[in-house]
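# Close look at the chain arrangement
Below are the chains, spelled out letter by letter.
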Amino acid sequence: MADVVLSELTKRFGAITALEPSSLSIDDGEFVAIVGPSGCGKSTLLRLIAGLEEPSGGRIMIDGRDVTDVAPAERGLAMVFQSYALYPHLTVAENIAFPLRVAKKPKAEVAERVGAVAETLGLTPFLSRRPRALSGGQRQRVSIARAIVREPKVLLLDEPLSNLDVDLRVKMRHEFARLHGQLAVTMIYVTHDQVEAMTLANRIVVMNAGRIEQVGAPLALYDKPATLAVARAIGSPRMNLLPATIAAVHSNGADIRLPSGALMPVAVAGEAGQPVTLGIRPEHLVPDAGGAFGGAVELFERLGPLSFAHLGSPGLGTTIVAQLPGDRRIALGEILSFRGEAAHLHVFGEDGRALPRLTL
Ligand SMILES: Nc1ncnc2c1ncn2[C@@H]1O[C@H](COP(=O)(O)OP(=O)(O)OP(=O)(O)O)[C@@H](O)[C@H]1O
Ligand SMILES: [Mg+2]
């Protein structure tokens, strides 16, 4: 176990800045998920920590030691990639043993460690097979076994489940939760998957365009996204975002005007005339015949326990997605209206930052 501290860590590839100066402290034993759109710098951040890329600036501390100039193998960490990168000609046991062999560990210790790790990951029956005779999930478990066999202090995972089918992803998600509890290792986990990030992580790091946008507990980010990028990154389906204007301000907040002309009071600080983006999550729209959010159903997705209605709303300048109970019967073209509870409305300024909330 070890803490990981990044100070002003930066990476440029020629003219491209893959990582703006970024600082982050990850606690000993923490499970941190990194999310954000493709190309935002998630893998770059992980590869810098691993020592697979050389930083253009900044420092990396692991377990209180400055490892910025330390070779990858000496950093006390292991990395699992999206592609399992197993040796095809070696058996499962030999694949898992590989890092120990490289480190010239005694034979008896290698056998013992491989046996123990294989047991932890349910790989004991497959030890003499070659990777091609395994399923995708089993192969990924071998690559995880190989990563943890040297008992790293920090385990880095770059979209480790993205090549697996849905069933296996769910199974492996539970496996990661169990492994984290069992190994008490610090884990930094890059994922595109909302559910993985929300359910596995103690904290989520949201990145956008080479910057760390916000760091916080999953529900804190869901309840109070600090920026539009975070609002977009957390929550599925995504938060509805509408162009709007502040029509008037008063002592207990601002009246936000939607393109349709509808006004709604929100307890935020802003300026009259200021262009803003109004956000409301699909699950926070409440059916209300007189509500400001409405339109004709263009698409209806029935997921079983719940449904999502996509409403064409020309008057609102965007399509609105609303969550409905699973048993709600809907006809395409039907007009639905909703109101948004003031407590669940989010208001962002032109710079993408959430307007300060007023506590009344
Ligand atoms: N070796 C490289 N040379 C030049 N540019 C690079 C290199 N590696 C990454 N980049 C660029 O740096 C930026 C960040 O890339 P990175 O791989 O970190 O993104 P990511 O968030 O992991 O994306 P994804 O979700 O698609 O995996 C991208 O614009 C990418 O094109
Ligand atoms: Mg990546």
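Bear in mind that the values here come from a model prediction, so they are computed numbers and not experimental data.

## With respect to the domain arrangement of the chain
- Here the chain is partitioned into domain 1 (4-231) and domain 2 (237-348).
- The C-alpha centroid of domain 2 is placed 38 Å from the C-alpha centroid of domain 1.

## Some details on the site of ligand 1
- As a structural note, the neighbourhood of ligand 1 is formed by Phe-13, Ile-16, Ala-18, Gly-36, Ser-38, Gly-39, Cys-40, Gly-41, Lys-42, Ser-43 and Thr-44.
- Listing elements by their share of the shell around ligand 1, those giving two or more residues are strand S2 (16-26) and helix H1 (42-50).
- With three residues, H1 is the largest single contributor of residues to the shell around ligand 1.
- The residue inventory of the shell around ligand 1, partitioned by class, reads four nonpolar, six polar and one charged.

## Things to note about the pairing of strand S6 (residues 77-80)
- What you see with S6 is no split at all: Leu-77 and Met-79 on one side and Ala-78 and Val-80 on the other are buried throughout.
- As paired strands, S6 and strand S7 (residues 154-158) are joined by four bridges and run parallel to one another. Counted as the bridge partner of Met-79 is Leu-156 from S7.

## Examining the sheet that holds strand S3 (residues 31-35)
- Reading across the sheet, the six strands line up as S6-S7-S8-S3-S9-S10 and stay open at both edges, with mixed pairing between neighbours. A strand with exactly one partner marks an edge of an open sheet, and here the two such strands are S6 and strand S10 (211-216). Going across the sheet, the axis of each strand differs from the next one's by a mean of 15 degrees, ignoring polarity.
- As paired strands, S3 and strand S8 (residues 186-190) are joined by four bridges and run parallel to one another. By the bridge assignment, Val-32 is partnered in S8 with Ile-188.

## Quick look at the environment of Leu-258
- Along the chain, the position of Leu-258 falls in the loop between strand S12 (253-257) and strand S13 (263-266).
- Since 20 C-beta atoms lie within 10 Å of it, Leu-258 is described here as buried.
- The sequence separation of Leu-258 and Leu-278 amounts to 20 residues, and the corresponding C-alpha distance is 8.3 Å.
- The contacts of Leu-258, once residues within four sequence positions are left out, are Leu-242, Ala-244, Leu-278, Ala-292 and Leu-316.

## Focus: the packing of helix H2 (residues 92-102) against helix H3 (residues 107-120)
- Put simply, H2 and H3 touch, their axes get as near as 10 Å, and they point 130 degrees apart. Relative to H3, the element H2 lies oblique. Remark: the crossing between H2 and H3 carries right-handed chirality. Listed contacts from H3 to Ala-93, Ile-96, Ala-97, Leu-100 and Arg-101 of H2 are Val-110, Arg-113, Val-114, Val-117 and Ala-118.
- Class assignment of the residues belonging to the contact of H2 with H3 gives a composition of eight nonpolar, no polar and two charged.

The rules behind the values
- Residues numbered from 1 in each chain as written.
- Chains lettered and ligands numbered in written order.
- Predicted model: local features only at pLDDT ≥ 70, side-chain atom pairs only at ≥ 80, totals over all residues.
- Domains from an automatic or database assignment.
- Near = placed C-beta within 6 Å.
- Helix = DSSP H or I, 4+ residues; strand = E, 2+ residues; numbered from the N terminus.
- Nonpolar A, V, L, I, M, F, W, Y, C, P; charged D, E, K, R; others polar.
- Buried ≥ 20, exposed ≤ 12 C-beta atoms within 10 Å, placed from the backbone.
- Pairing = 2+ DSSP bridges.
- Axes fitted to C-alpha atoms, helices over the stretch in contact; angles between N-to-C directions.
- Contact = placed C-beta atoms within 7 Å.
- Parallel < 35°, antiparallel > 145°, perpendicular 65-115°, else oblique.
- Left-handed = near helix turned anticlockwise from the far one by under 90°.

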